[in-house]
Amino acid sequence: MASLIDPLISFVSAHVLLAYLTLFLAALLEAVPIVGSVIPGSTIIFALSALVPGGELKLEWVLAAAVAGAVLGDGSAFCLGHREQREILNCWPLSTYPRVVAQSEAFFHRWGALAVFFARFVPPIRAFVPITAGALGMSPPMFFAVNIPAVLLWAPAHVLPGVLAVSALHRYGGFAPHASIAKHYWIAAVVAGAIAIGVWTWIARRRRDAIEPGKP
């Protein structure tokens, strides 16, 4: 793992603007239907947050990149749904994911405008609720009035744990602020956790499909 993380840290240190662009794109792509359910945007943001305490990245710019990407991604998906209306939910490629679309609709009908807020913290429907909200007729002012505060909470919730964890390792673990070992611990833990969650989710879905009527 260290052989993979060391080049990442070196690359980020030498190409800071590309690191912020990566954070921006990770947050943006998470809001794209279907793409957002497979792009590990949260994992990327969690992992790169470990580079803030050592000075490779600046906290304010990490937060700004994550917020800007999430707002633009959610807003674009919502506007597309608002323009095309309900028909878009039955068109390709959304038509290939009827279960997730149905879950997003049910989530929206249950919670109304608050669904936009809650969905920002609930993958994988995070990638489907904005376009669903637009397709089901939610007004743009209401959407952004709920979505922007959600994003402003979501970004620190994804960035600050990494910053605090690595800072704690620096302070209480005896590691110097620029030592890479603390970053290794955090980034490796995030990647391992993401893989474990991904495998568990895949197994759970396979088991659920196996017991549903009509499934082979």
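Attention in this report is confined to the structure presented alongside it. (Residues numbered from 1 in each chain as written. Predicted model: local features only at pLDDT ≥ 70, side-chain atom pairs only at ≥ 80, totals over all residues. Heavy atoms only, no water.)

**Regarding the nonpolar core**
If you look at soluble globular proteins, the nonpolar side chains tend to sit buried side by side.
Okay, so step 1: The biggest cluster of nonpolar side chains holds 19 residues, and the ones touching the most others in it are Leu23, Ile45, Leu57, Val62 and Trp154.
Okay, so step 2: Of all the secondary structure elements, the ones that give two or more residues to this core are α2 (16-29), α3 (41-48), α4 (59-84) and α8 (140-172).
Okay, so step 3: If near-sequence neighbours (up to four positions away) are discounted, Ile45 is found in contact with Leu23, Ala26, Ala27, Ala66, Trp154, His158 and Val159.
Okay, so step 4: Grouped together as the second largest cluster of nonpolar side chains are 12 residues, Ala119, Val129, Ala133 and Val146 included. (Core = buried A, V, L, I, M, F, W, Y, C linked by side-chain atoms within 4.5 Å. Buried < 20%, exposed > 50% of the residue type's maximum accessible area, 1.4 Å probe, protein only. Helix = DSSP H or I, 4+ residues; strand = E, 2+ residues; numbered from the N terminus. Contact = heavy atoms within 4.5 Å.)

**Some words on the pattern of salt bridges**
Opposite charge on two side chains permits them to pair, given that their charged atoms come into close proximity.
Okay, so step 1: One pass over the full model with this rule turns up four salt bridges.
Okay, so step 2: Residues Arg126 and Glu30 are paired through a salt bridge, measuring 3.2 Å at the closest nitrogen-oxygen approach. Of this pair, Arg126 sits in the loop between α6 (114-119) and α7 (129-135) while Glu30 sits in the loop between α2 and α3, and the two are 96 residues apart along the sequence. Of the two residues, Arg126 and Glu30, neither departs from the other in class, the shared state being buried.
Okay, so step 3: Between Glu105 and Arg86 there is a salt bridge, and its shortest N-O distance comes to 2.8 Å. Of this pair, Glu105 sits in helix α5 (residues 98-111) while Arg86 sits in the loop between α4 and α5, and the two are 19 residues apart along the sequence. (Salt bridge = Lys/Arg side-chain N within 4 Å of Asp/Glu carboxyl O.)

**Here we look at the packing of α2 against α3**
Okay, so step 1: Contact geometry for α2 and α3: axes closest at 8 Å, N-to-C directions at 145°. Considering the relative orientation of α2 and α3, their crossing is left-handed. Listed contacts from α3 to Ala19, Thr22, Leu23, Ala26 and Ala27 of α2 are Gly41, Ile44, Ile45 and Leu48.
Okay, so step 2: Considering only residue class, the contact of α2 with α3 consists of seven nonpolar, two polar and no charged. (Axes fitted to C-alpha atoms, helices over the stretch in contact; angles between N-to-C directions. Left-handed = near helix turned anticlockwise from the far one by under 90°. Nonpolar A, V, L, I, M, F, W, Y, C, P; charged D, E, K, R; others polar.)

**What about the packing of aromatic side chains?**
Okay, so step 1: On inspection of all chains with the given rule, the structure shows seven aromatic pairs.
Okay, so step 2: On the numbers, 5.1 Å between centres and 80° between planes, the contact of Trp111 with Phe118 is edge-to-face.
Okay, so step 3: On the basis of relative accessible area, Trp111 is assigned to the partly exposed category, the value being 35%.
Okay, so step 4: On the accessibility criterion, Phe118 (31% relative accessible area) is partly exposed.
Okay, so step 5: Seen in terms of ring centroids, Phe117 and Phe121 are 5.8 Å apart; in terms of plane orientation they differ by 45°. Their pairing is tilted.
Okay, so step 6: Classification of Phe117 as partly exposed rests on a relative accessible area of 23%.
Okay, so step 7: A relative accessible area of 36% places Phe121 in the partly exposed class.
Okay, so step 8: Taken together, Trp111, Phe117, Phe118 and Phe121 form an aromatic cluster joined through their ring pairs.
Okay, so step 9: Of note, Arg120 hangs over the ring of Trp154, and the distance from its end group to the ring centre comes to 4.6 Å. (Phe/Tyr/Trp six-rings, centres within 6.5 Å; stacked < 30°, edge-to-face > 60°. Lys NZ or Arg CZ within 6 Å of the ring centre and 35° of its normal.)

**Section: the side chain of Arg120**
Okay, so step 1: Secondary-structure assignment places Arg120 in the loop between α6 and α7.
Okay, so step 2: Taking relative accessible area as the criterion, Arg120 reaches 2% and is therefore assigned buried.
Okay, so step 3: Each residue touching Arg120, except ones within four places of it in the same chain, is listed here: Ala31, Ala70, Asp74, Arg126, Ala150, Val151 and Trp154.

Interpretation in functional terms is not warranted from these geometric data alone.
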